[in-house]
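Chain by chain, the residues:
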Amino acid sequence: MPELTLGAWAVLALGAVVVGLSKAALPGAGTLAVVLFAAVLPAKESTGTILMLLIVGDAFALISYRRHADWRTIARMAPAVVVGLAAGAVFLAFASDGLVRVTIGVLLLGVVAVTLWRRRAGAVRDGGGPLVAHAYGGVAGFTTMVANAAGPVMSMYFLAARFPVQAFLGTSAWFFAAVNLAKLPFSIGLGLLTPSGALTALVLVPAVIAAAFVGRMFARRVDQRLFDRIVIILTVVGSLFLLLPR
């Protein structure tokens with residue numbers, strides 16, 4: 001277990017709460033949790049630690065929304081996601097922490113800009129066809145491997161496709177459950193997941209679960225327009241945080 005101050009544990013607990021909320025109700029918020037963990041733990045260890053909490057959140061999301069997934073969308077994106085994961089693993093092995101943060105921040109802001117433009121131009125219900133799905137899938141695979149930051153990418157894709165709240169959350173649940181489990185061998189091989197990080201994650205699991213329960217109640221009542229706006233705002237804020245110097 002790492003030696004952390006009470007303030008540091010409070011920051012990690014807040015990050016765990018954000019993870020729970022992001023899985024159950026507020027896609028896009030997960031980037032804020034990434035920033036909070038990276039502010040307290042060493043960069044690589046923070047990535048592995050938060051991955052464990054994301055998997056816990058995925059399990060809760062599957063229990064809540066497993067029947068609402070759009071499987072055609074998941075199948076369409078899967079090949080590009082695998083390519084993105086491999087590219088992200090290679091990039092992570094050689095890039096500095098600073099380059100990683102800037103790269104992800106710029107990519108996410110670009111995804112937001114493209115998505116908003118597509119919505120204004122009247123994007124079709126299926127998200128724009130195979131080429132667009134592959135583009136988003138590749139970026140999602142890369143960003144999730146490098147910084148656990150694919151939530152905003154997928155949120156923007158589902159937003160462009162105009163998914164209802166339940167379909168949005170159900171498709172996200174299955175997508176990230178598969179992707180995060182697939183990342184475990186990479187994380188272990190690259191030294192991102194350590195015994196110390198696993199113990200830290202175990203302590204924070206109750207905060208993830210409690211926040212997920214609260215988030216599920218919110219998701220059942222939220223208006224679609226408000227949901228869309230929250231997703232966009234959280235994605236932009238999280239992207240800008242990654243660009244701030246440390």
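Structure's up top.
The rules behind the values
- Residues numbered from 1 in each chain as written.
- Predicted model: local features only at pLDDT ≥ 70, side-chain atom pairs only at ≥ 80, totals over all residues.
- Heavy atoms only, no water.
- Helix = DSSP H or I, 4+ residues; strand = E, 2+ residues; numbered from the N terminus.
- Rg over C-alpha atoms; globule rule 2.2 N^0.38 Å.
- Contact = heavy atoms within 4.5 Å.
- Areas by Shrake-Rupley, 256 points an atom, 1.4 Å probe, with all protein chains shown as cover.
- Axes fitted to C-alpha atoms, helices over the stretch in contact; angles between N-to-C directions.
- Left-handed = near helix turned anticlockwise from the far one by under 90°.
- Nonpolar A, V, L, I, M, F, W, Y, C, P; charged D, E, K, R; others polar.
- Core = buried A, V, L, I, M, F, W, Y, C linked by side-chain atoms within 4.5 Å.
- Buried < 20%, exposed > 50% of the residue type's maximum accessible area, 1.4 Å probe, protein only.
- Expected span 1.5 Å × (residues − 1).

### Some remarks on the overall build of the protein
- Scanning the protein from N- to C-terminus turns up ten helices and zero strands.
- A globule of 246 residues ought to have a C-alpha radius of gyration of about 18 Å, and the protein, at 16 Å, matches this closely.
- Each of the three principal axes of the protein carries a C-alpha extent, and together these read 50 × 40 × 30 Å.
- Here the contacts in the protein between residues at least 6 apart in sequence split such that 84% fall between residues at least 24 apart.
- For the protein, the exposed surface amounts to about 10700 Å²; the carbon and sulfur share of it is 73%.

### Looking at the packing of helix H3 (residues 43–65) against helix H9 (residues 195–219)
- Interhelical geometry of H3 versus H9 gives an angle of 35° and a closest axis separation of 8 Å. The way H3 lies across H9 gives a crossing that is right-handed. Residue-level inspection shows Glu45, Thr49, Met52, Leu53, Val56, Gly57, Phe60, Ser64 and Tyr65 of H3 in contact with H9, the latter providing Ser196, Gly197, Thr200, Ala201, Leu204, Val205, Val208, Ile209, Ala212, Phe213, Arg216 and Ala219.
- Looking at side-chain class alone, the contact of H3 with H9 contains 13 nonpolar, six polar and two charged residues.

### Remarks on the nonpolar core
- By size, the foremost hydrophobic cluster in this structure holds 66 residues, and its most contacted members are Leu53, Ile104, Val146 and Met156.
- Those residues in contact with Leu53, other than ones at most four positions away along the chain, are Ala16, Val19, Phe37, Ala201, Leu204, Val205 and Val208.

### Re the environment of Pro195
- Its place among the elements puts Pro195 in helix H9.
- With 137 residues separating them along the chain, Pro195 and Asp58 place their C-alpha atoms 21 Å apart.

### Quick look at H3
- Spanning 23 residues, H3 covers 32 Å between terminal C-alpha atoms, matching the ideal 33 Å at 1.5 Å per step.
- Burial runs high along H3: 17 of the 23 residues are buried.

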